[in-house]
Amino acid sequence: MDLHLAGQNVFITGAGGGIGRETALSFSREGAAVAAADARLAAAEATAAAVQEAGGRAIAIAVDVTSETGVQHAVESLGPIDVAVNCAGVYRIGEIADVDPAAWQQVLDINLTGTYLVCRAILPAMLERGSGAIVNLASISGRTKSTLAAPSYVASKAGVIGLTMALASQCAGRGVRINAVAPGPIDTDMIRSLPDGLPDRLASTIPMGRLGTAREIAHAIVFLASGAASFITGETLNVNGGAFMV
Ligand SMILES: NC(=O)c1ccc[n+]([C@@H]2O[C@H](COP(=O)([O-])OP(=O)(O)OC[C@H]3O[C@@H](n4cnc5c(N)ncnc54)[C@H](O)[C@@H]3O)[C@@H](O)[C@H]2O)c1
C-alpha cells in the first residue's frame, strides 16, 4: 500500500505534546517533512530534534492557535502545506458549576476556534492547488456521554466533529479531504496530569483494559492523511480500544 506521503510537507499544531510528537515521527518515517508548531516553543523544538535524530526533516515554530494573526503568519512563513494536523488542545474535567465563562471560553478558543483558524489559514492554498488533507483531533468525549470531561471540553470536541463535516462537504469536489480522529483515553501528559487514580479509572472503562498509546493515534492520523484514505472525507474515526462503537 503506497501512502503517497514521501516529500509531502506536514504542518502539525500541538506538536510538542504526546500525540503531536508521535504524529511528527510517524509522518517522518513515511518520508514527509514536518513543521512542528506549538505554543511551547521548547516542546516543538524537542519534537523537531527527535525527528532529526531519527533521520528525518523537521523545523519547529512557535504558534498560539488562538491568535488569528499568529496562525496566519506561521502558515505564510512555510512553503506549500500538503497536510495539516490539528493536535493543539487542552483537557478539562468537572461539572458546569466548575466552568465559569472565562474557563469555558479558553477551552473553546483553543480546541475549536484554534482548529477553525488553522483550517481557514491553510485551506485557500490547498483548494487553489486542488490537493491536500487535514486531520483534526476530536475525542470520544465529543461523541458519547462523558462522566469526567468538563462540558466545555465535550462541546469543543463535538464542535470539531461538526466543523470537520462542514469543511469536508464544502471541499469534497475540490481535491481536499478533511477528517478527524476521536481517541479514547491515551497515555500522554494530558491524562497523566490528572489527579491520582483517575488515569487508572479511565483505563478500567476501556474493554481492551488499557490506555491507548500516542503512536496508535498517530497511525490513524497518518492513514487518514495518506493516499490510502483517498475516498474518505468528513469521517471521524474512533480509536478507543472498544470503549465506544457506532
Ligand atoms: N490524550 C488523550 O487521552 C486524548 C483523548 C482524546 C483526544 N485528545 C486530543 O488529542 C490532542 C493532543 O492531545 P495530547 O494527548 O497529545 O495532549 P498534550 O497535552 O500532550 O499535548 C497538547 C499540546 O497542545 C499544545 N497547546 C495547548 N494550547 C495551545 C495553543 N493555544 N496553541 C498551540 N499549542 C497549544 C500544548 O502545548 C501541548 O504541547 C488534543 O486535541 C486532545 O484534546 C487526547
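Above this note sits the structure.
How each quantity is defined
Residues numbered from 1 in each chain as written. Predicted model: local features only at pLDDT ≥ 70, side-chain atom pairs only at ≥ 80, totals over all residues. Axes fitted to C-alpha atoms, helices over the stretch in contact; angles between N-to-C directions. Helix = DSSP H or I, 4+ residues; strand = E, 2+ residues; numbered from the N terminus. Parallel < 35°, antiparallel > 145°, perpendicular 65-115°, else oblique. Left-handed = near helix turned anticlockwise from the far one by under 90°. Contact = placed C-beta atoms within 7 Å. Pairing = 2+ DSSP bridges.

Here we come to the packing of helix α1 (residues 18-29) against helix α8 (residues 214-225). Where α1 contacts α8, the two axes come as close as 8 Å, and the packing angle between them is 55°. Between α1 and α8, the crossing angle belongs to the class labelled oblique. The two elements α1 and α8 meet at a crossing, and its hand is right-handed. The residues of α8 that touch α1, namely those facing Gly18, Ile19, Glu22, Thr23, Ser26 and Phe27, are Ala214, Arg215, Ile217, Ala218, His219, Ile221 and Val222.

What follows covers the sheet that holds strand β2 (residues 33-38). Taken together, the seven strands give an open sheet; going across it, the order is β3-β2-β1-β4-β5-β6-β7, and neighbouring strands pair in parallel fashion. Of all the strands in the sheet, just β3 (57-62) and β7 (236-239) have a single pairing partner and so form its edges. Each strand axis lies, on average, 20° off the axis of its neighbour in the sheet, ignoring direction. Relative to strand β4 (residues 83-86), strand β1 (residues 9-13) runs parallel, the two being bridged by four bridges. Along β4, the bridge assignment pairs Thr13 with Asn86. Along the sheet, α8 makes contact with β4, β5 (132-137), β6 (176-183) and β7, crossing β6 at roughly 165°.

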